[in-house]
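The lines below spell out each chain.
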Amino acid sequence: MRVTVVGGGIAGLTCALSLHAAGFAPRVYEAARTVEAVGVGINLLPHAVRELSELGLDGELASVALPPHLLSYRDRAGRTVWEEPLGRAAGYHWPQYSVHRGRLQMLLLAAVRERLGPDSVRTGLRFRSFEQSAGGVRAQFLDRSSGRPVVDDADVLVGADGIDSAVRSRLYPDEGLPNGNGVHMWRGVAQLPHVLDGRSIVVAGGTPGAKFVAYPIEDTATASADALVNWVLEVRHGPSAPPAGGPGRRVTAAEARAGLSSWDLPWIDLTALAERSSAIVEYPMIDRDPLPRWSFGRVTLLGDAAHPMFPMGMNGGSQSVVDGRVLAWCLARDDDAVAALNRYDRMRRPTVNAIVLANRDSGPEETIARAEEHGGALPVGEAEQIAARYKQLGGATVTQVNTHPSWTVTPAIAAGQEPLRG
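This is a predicted model, so every value here is computed, not measured.

Enquirer: I tried to follow the pairing of strand β8 (residues 125-133) on my own but got confused; where do I start?
Expert: Every regular strand shows the same layout, with side chains that alternate between the two sheet faces. In this structure, β8 lies alongside strand β9 (residues 136-143), joined through 8 bridges in antiparallel fashion. Its bridge partner lying in β9, F130 is registered against A139. The turn joining β8 and β9, which pair antiparallel and follow one another in sequence, is formed by 2 residues.

Written as structure tokens, this is what we have:
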């Protein structure tokens, strides 16, 4: 079965590795002329780390990422509201990882090219359209260097091209722009002394638009050395009046200092944070409405192309990793590509759609929003309920992650002999 993946980001590359592990030889098309290590921090939750580990990437991940062991919710004065262990400290068989997004993408790209060949990822090719027939799907691309059209014939087309997915726009041409909630995120990385114990993720503040997040993504593992700290400050703009410069606007150090000046967090030097950040970029907090359907014949969606979500609970990238694994399992299980894509749709879409909607209500960060309203820390049982409910929704409790059957394709699955799971 020939599979074409549109998008060479984390979702598309993980999908390609999953397909290769299941016995396929996918081709990846990326619109950017070169794939570069850009971006800031991202977290991979244990359910995603399990899937990447089963793809044989556990050693590579450990070499570029840090395993946080504590999530600490704080108020605007830095006082503890609620804390919970993460990764192995919480009982998972796999760690959670904090990592620079660009380094993760380059790790995945290197693995794809090593396993599938140097020409398995073609860059500078922008997706334009597709046509389906009973026997396959033909995708049209534009070569950005020559201006010439490029045609690709496959049995399956996977749109993994992000929140502004061109594949999704072909399936839903009237959808329009993403949804914003009026919150913008100032994001940066800076070399700073360790925050708290150097292995904690700190989320301070309350409701969306009034939060500060910080966690390390790289260090030398020595207490005296600085760490590369990823940080986010949420600011609120009216949804009808975005700031000048639009998405990706550069924020000056002076702006950042002013925005951080109302915060009193004794365990981090916020002035140094603003001044030491090489680039601070503003992004709107946006998502899209959950879709009633991802798969149309031989075409389907995956990752942010399928389920872009507000960044609550550190879940977007992790769910994209699981998407790729489940899609590969479904395609290996069924020679009928259309039936396989429909099964993938049924198995993944309801769960991830529920997470999209939960994140609009703050997801697990409901804890600090309610603590702000309450005027102090919530009762332990109430905070635990919020955290447990969100994990259960995404199939990410300790028991669910540690015990669910592997998505690794075995000979029995490839022969269609294993009972269906969905």
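Let us keep going from here.
Enquirer: Looking at this structure, I do not really get the nonpolar core. What am I missing?
Expert: Taken as a class, soluble globular proteins show a tendency for nonpolar side chains to be buried jointly. Ranked by internal contacts, the top residues of the largest apolar core, which has 82 residues, are L108 and L331. The leading source of residues in this core is helix α8 (residues 316-333), at 9 residues. If we skip the residues at most four places from it in the chain, L331 touches M1, V3, L19, F24, V156, A337, A340 and L341. Grouped together as the second largest cluster of nonpolar side chains are 25 residues, L192, F212, V235 and I280 included.

Enquirer: Even after reading the chapter, I still don't get unusual backbone geometry, so can you show me in this structure?
Expert: Most peptide bonds take the trans configuration, and most residues that are not glycine carry a negative phi. Although it is not a glycine, L196 adopts a positive phi angle of roughly 50°. Its location among the elements puts L196 in the loop between β12 (179-192) and β13 (200-205). Looking at L196, the relative accessible area reads 31%, which means it is partly exposed. Unusually for a residue other than glycine, S362 sits at a positive phi of about 85°. For S362, the location among the structural elements is in the loop between α9 (337-360) and α10 (366-374). Its relative accessible area of 10% is what places S362 among the buried residues.

Enquirer: Looking at this structure, how should I read the packing of α10 against helix α11 (residues 380-393)?
Expert: For any two helices packed against each other, the geometry is given by the interaxial angle and the distance between the axes. As a packed pair, α10 and α11 sit with axes 9 Å apart at the nearest point and diverge in direction by 150°. As summarised for this structure, α10 and α11 are arranged roughly antiparallel, according to the angle between their axes. Considering how the two elements wind past one another, α10 and α11 form a crossing that is right-handed. Side by side, α10 and α11 meet where E366, T367 and R370 of the first sit next to E382, A383, I386 and R389 of the second. When its residues are assigned to classes, the contact of α10 with α11 shows 2 nonpolar, 1 polar and 4 charged.

About the cut-offs
Residues numbered from 1 in each chain as written. Predicted model: local features only at pLDDT ≥ 70, side-chain atom pairs only at ≥ 80, totals over all residues. Heavy atoms only, no water. Pairing = 2+ DSSP bridges. Helix = DSSP H or I, 4+ residues; strand = E, 2+ residues; numbered from the N terminus. Core = buried A, V, L, I, M, F, W, Y, C linked by side-chain atoms within 4.5 Å. Buried < 20%, exposed > 50% of the residue type's maximum accessible area, 1.4 Å probe, protein only. Contact = heavy atoms within 4.5 Å. Axes fitted to C-alpha atoms, helices over the stretch in contact; angles between N-to-C directions. Parallel < 35°, antiparallel > 145°, perpendicular 65-115°, else oblique. Left-handed = near helix turned anticlockwise from the far one by under 90°. Nonpolar A, V, L, I, M, F, W, Y, C, P; charged D, E, K, R; others polar.

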